[in-house]
Amino acid sequence: MKLTILIIGCGDIGVTLGQELLDEGHRVIGVRRQAKALEHTGIEPLALDLSTLEGADASALPQADYVIYTVSADRFEESAYQSAYPDGLKRVLSVMEQHEKPPRRIFFVSSTSVYGQQEGEVVNEESPTESTSFSGTLMCEAEQALLNHPLPGTVVRFGGIYGPGRDRLLRAGRRGEVAIHGDGPHYTNRIHRDDAAGSLRHLMNLDV
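Residues numbered from 1 in each chain as written. Predicted model: local features only at pLDDT ≥ 70, side-chain atom pairs only at ≥ 80, totals over all residues. Heavy atoms only, no water.

**Re the overall build of the protein chain**
So, point 1. Scanning the protein chain from terminus to terminus reveals five helices and eight strands.
So, point 2. For the protein chain, the α and β elements follow one another from N to C terminus as β-α-β-β-β-α-β-α-β-β-α-β-α.
So, point 3. Here the protein chain has a C-alpha radius of gyration of 18 Å; the compact-globule value for 208 residues is 17 Å, and the two agree.
So, point 4. Seen through its principal axes, the protein chain has C-alpha atoms that stretch 60 × 35 × 30 Å.
So, point 5. Within the protein chain, the proportion of its 208 residues that are buried is 41%.
So, point 6. Residue pairs in contact within the protein chain that sit at least 24 positions apart in sequence constitute 66% of those at least 6 positions apart.
So, point 7. Working note: accessible area of the protein chain is about 11,500 Å², and carbon and sulfur atoms make up 47% of it. (Helix = DSSP H or I, 4+ residues; strand = E, 2+ residues; numbered from the N terminus. Rg over C-alpha atoms; globule rule 2.2 N^0.38 Å. Buried < 20%, exposed > 50% of the residue type's maximum accessible area, 1.4 Å probe, protein only. Contact = heavy atoms within 4.5 Å. Areas by Shrake-Rupley, 256 points an atom, 1.4 Å probe, with all protein chains shown as cover.)

Below, the structure written as structure tokens:
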């Protein structure tokens, strides 16, 4: 069954996911401000600034069976996070709910920054989200906007994404610039870009 998937914020993870979905025979539309970056990927480009969706009707975004919201803030500032996550996602939800055939499910790529634990606790999906940072607080707000919305939604929390172009920690380790203090085991929260994309594809296929 050929599906139409709309990837909003189609960057590194989005392109990787989109190409996997294309290989499965689906139609993939990628939304980003500079859609030229999607040339030669096979993904249909749609240039769009999410701020223009304020009060927009259904024609502002194409109908899709699934929507993957994987937007990244363009800078680490509260205003940028507010715009990219709760505000942007709410605008997308407002548009998609107007379609005669709304999406079957919307996936929001969130972050483990929603957790506030800092003392080596074991953290899982049932751990309280008590972040004291603006980034984690705004991510939580976006998550709740989706989960409280009538359209079916799933939140996926990734942390420490690495892969091509995302190897700062690895390079620092090779240079001996990473210091580990104290005794006992030390953990780092990491997921490879390809595994992040594969997780989203797997969850979508479970829902089909």
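**Things to note about the pairing of strand 4 (residues 66–69)**
So, point 1. Of the two faces of strand 4, the one carrying Tyr66 and Ile68 and the one carrying Val67 and Tyr69 are both buried.
So, point 2. The pairing of strand 1 (residues 4–8) with strand 4 spans four bridges and is classified as parallel. By the bridge assignment for strand 4, isoleucine 7 is matched with isoleucine 68.
So, point 3. With helix 2 (residues 78–96) bridging strand 4 and its parallel neighbour strand 5 (residues 105–111), the resulting β-α-β unit is right-handed. (Pairing = 2+ DSSP bridges. Right-handed = clockwise from strand over helix to strand, strands pointing away.)

**Focus: the pattern of salt bridges**
So, point 1. Going through the model one piece at a time under the given rule, you end up with 14 salt bridges.
So, point 2. The salt bridge partner of glutamate 24 is arginine 201, with a shortest N-O separation of 3.1 Å. You can see glutamate 24 sitting in the loop between helix 1 (12–23) and strand 2 (27–32) and its partner arginine 201 sitting in helix 5 (residues 193–207), a full 177 residues away along the chain.
So, point 3. Exposure remark for glutamate 24: the relative accessible area of 35% places this residue in the partly exposed category.
So, point 4. Here aspartate 207 and arginine 105 are joined by a salt bridge, their closest N and O atoms 3.1 Å apart. (Salt bridge = Lys/Arg side-chain N within 4 Å of Asp/Glu carboxyl O.)

**A few points about helix 1**
So, point 1. The end-to-end C-alpha distance of helix 1, which contains 12 residues, comes to 17 Å, matching closely the 16 Å that a straight helix rising 1.5 Å per residue would cover.
So, point 2. For helix 1, the full list of buried residues reads Ile13, Gly14, Val15, Thr16, Leu17, Gly18 and Leu21.
So, point 3. Residue glycine 25 follows helix 1 closely and has a positive phi angle near 95°. (Expected span 1.5 Å × (residues − 1).)

**Looking at the packing of aromatic side chains**
So, point 1. For the structure on display, the rule yields seven aromatic pairs.
So, point 2. Where tyrosine 69 meets phenylalanine 108, the ring centres are 5.9 Å apart and the plane angle is 55°; that geometry is what we call tilted. Taken as a pair, tyrosine 69 in strand 4 and phenylalanine 108 in strand 5 lie far apart in primary sequence, 39 residues in all. In this structure, tyrosine 69 and phenylalanine 108 share a single accessibility class: buried. (Phe/Tyr/Trp six-rings, centres within 6.5 Å; stacked < 30°, edge-to-face > 60°.)

**Overview of the nonpolar core**
So, point 1. Residues Leu6, Ile8 and Leu61 are the most contacted members of the largest nonpolar core, which totals 31 residues.
So, point 2. Elements represented by at least two residues in this core include exactly strand 1, strand 2, strand 4, helix 2, strand 5 and helix 3 (134–147).
So, point 3. It is helix 2 that contributes the most residues to this core, eight residues altogether.
So, point 4. Listed in part, the 22 residues of the second largest apolar core include Leu17, Leu21, Phe107 and Phe158. (Core = buried A, V, L, I, M, F, W, Y, C linked by side-chain atoms within 4.5 Å.)

**Thoughts on the side chain of glutamate 143**
So, point 1. Note on placement: glutamate 143 falls in helix 3.
So, point 2. Judged by its relative accessible area of 2%, glutamate 143 falls in the buried class.

**Details of helix 2**
So, point 1. Taking 1.5 Å per residue, 19 residues should reach 27 Å; helix 2 reaches 26 Å between its end C-alpha atoms and fits that length.
So, point 2. Next to the buried residues of helix 2 lie strand 1, strand 4, strand 5 and helix 3.

**Focus on the side chain of serine 110**
So, point 1. In this fold, serine 110 is placed in strand 5.
So, point 2. The class for serine 110 is buried, based on a relative accessible area of 4%.
So, point 3. Sequence-distant contacts of serine 110, that is, excluding residues within four places in its chain, are made with Met139, Glu143, Val155, Val156, Arg157 and Phe158.

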